[in-house]
Amino acid sequence: MNCPQDWPEPIVRVQSLSDTGAAVIPSRYIKPSTDRPELFSSDDTNIPVIDLGDIFNGDHTLRRNCPAVEKIKEACREWGFFQVVNHGVMPELMDEARQVWREFFHQPMELKQLYANSPKTYEGYGSRLGVEKGAILDWSDYYFLHYRPSSLKDHNKWPSQPLLLREVIEEYGKQVVELAGKLMRVLSINLGLEEEFLQNAFGGDEIGACLRVNFYPKCPQPDLTLGLSSHSDPGGMTFLLPDHDVPGLQVLKDHKWITVKPARHAFIVNIGDQIQACVISNAIYKSVEHRVMVNSLQERVSLAFFYNPKSDIPIQPAPELVTPETPALYPGMTFDQYRLYIRMMGPKGKSQVESLKSPR
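Residues numbered from 1 in each chain as written. Predicted model: local features only at pLDDT ≥ 70, side-chain atom pairs only at ≥ 80, totals over all residues. Heavy atoms only, no water.

Peer 1: Describe the side chain of Ser-188, naming the residues involved and giving the relevant values.
Peer 2: By the secondary structure assignment, Ser-188 is in helix α5 (residues 165–190). Residues contacting Ser-188, with those up to four places away along its chain left out, are Leu-193, Glu-194, Glu-195, Phe-197 and Leu-198. (Helix = DSSP H or I, 4+ residues; strand = E, 2+ residues; numbered from the N terminus. Contact = heavy atoms within 4.5 Å.)

Have a look at this one:
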């Protein structure tokens, strides 16, 4: 399977469509009636919020009996999503990271177009996922960049404006990677594995990490479209810095869409397909379908930081978790192979990862 060098159709920036002030969205963005969001819900259910303040000792050793360890275990099994507070990433850095990207998207179009991306790597300024000609599109623009490994990180592919962006995102990525490494240790012991198992399975110090900044412009008909269609994340673990002022993320739980209510300066963490049963945990942990609504009155900016396996390492269920009673559910494959499969298809719920299950 080879990825095309260019998009199948001319790219239209969603922000430009929004800025026209038109009262009707183009038909290319109208979702089938079964996929349209319910914008108003009285359900107060929320994903778990977990305080990490006491989970590590001063010497960075894990306090295995800390209540947060068990709460993470339950959240990974039952939700596949949770929020973390007191996580160690500086609150002012989180605010600054969100703000510099908001400023980027409000620059003149000709400056943003200097970083226009292609489906070959997705790196840069984009407005669609997947390369299917004639596909129904999402109401969003984005910017995608690599942070790890160092061989892929290229500051020249990061925007040069605003002036502080590169500096802010370099430090932001450093702190989120540190948080991710800590949570990988928690996930490992909760599976009954050695503390460093998941990190080592992902490539140790050679793990992959990338950032997708999502920009959801105001939409005149938010009941007809989505900012991001239903999907599960293909990587290992995702750390989402949401827009506190405008809710939009929805998580599928017990066949119902739950609108996430972000806690102040929390990260929304979710399990990706590579940790899901699919490869490492053999379906003990869940990667869960989620989607994003848009808003008629306010734009939204969010930062999704993906913590992934090294691209060329075969990922497969931990041998300790495979027994005659619980055989391997998925074949081993590299993250590069799986990511290419996802990029070719675009977001399609859980159908992609489920289609890879081994016959039994």
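After that view of the structure, there is still more to cover.
Peer 1: So, the environment of Leu-240: which residues are in play, and what are the values?
Peer 2: With respect to the helices and strands, the residue Leu-240 is situated in strand β7 (residues 237–241). Judged by relative accessible area, Leu-240 falls into the buried class, the value being 11%. Distance in space between the C-alpha atoms of Leu-240 and Ala-266 is 8.8 Å, their sequence separation being 26 residues. Not counting chain neighbours up to four residues away, the residues in contact with Leu-240 comprise Leu-249, Ala-266, Phe-267, Ile-268, Ser-302, Leu-303 and Ala-304. (Buried < 20%, exposed > 50% of the residue type's maximum accessible area, 1.4 Å probe, protein only.)

Peer 1: Quick one: what's the story with the sheet that holds β7, residue by residue and with numbers?
Peer 2: By way of backbone hydrogen bonds, the strands of a sheet pair with one another, either parallel or antiparallel. Here we have eight strands laid out as an open sheet, ordered β1-β2-β10-β7-β12-β5-β4-β3, and mixed in their pairing. In this open sheet, the two strands that pair with only one neighbour each are β1 (49–51) and β3 (124–126). For this sheet the average axis-to-axis angle between neighbouring strands, irrespective of direction, equals 25°. By the bridge criterion, three bridges tie β1 to strand β2 (residues 81–85) in an arrangement that is parallel. Looking at the pairing, Asp-51 lines up with Val-85 of β2. Strand contacts of α5: β2, β4 (141–148), β5 (208–216), β7, β10 (267–271) and β12 (300–308), with the helix running at about 135° to β7, the strand carrying the most contacts. (Pairing = 2+ DSSP bridges. Axes fitted to C-alpha atoms, helices over the stretch in contact; angles between N-to-C directions.)

Peer 1: With reference to specific residues and values, describe the sheet that holds strand β8 (residues 249–253).
Peer 2: One open sheet holds the four strands; their spatial order is β6-β11-β8-β9, and the pairing between them is antiparallel. The sheet terminates laterally at β6 (228–231) and β9 (256–259), the two strands that pair on one side only. Taking the axes of each pair of neighbouring strands and ignoring which way they run, one obtains an average angle of 25° across the sheet. As judged from the four bridges shared by β8 and β9, these two strands associate in the antiparallel manner. Considered in β9, the bridge of Leu-252 is made with Trp-257.

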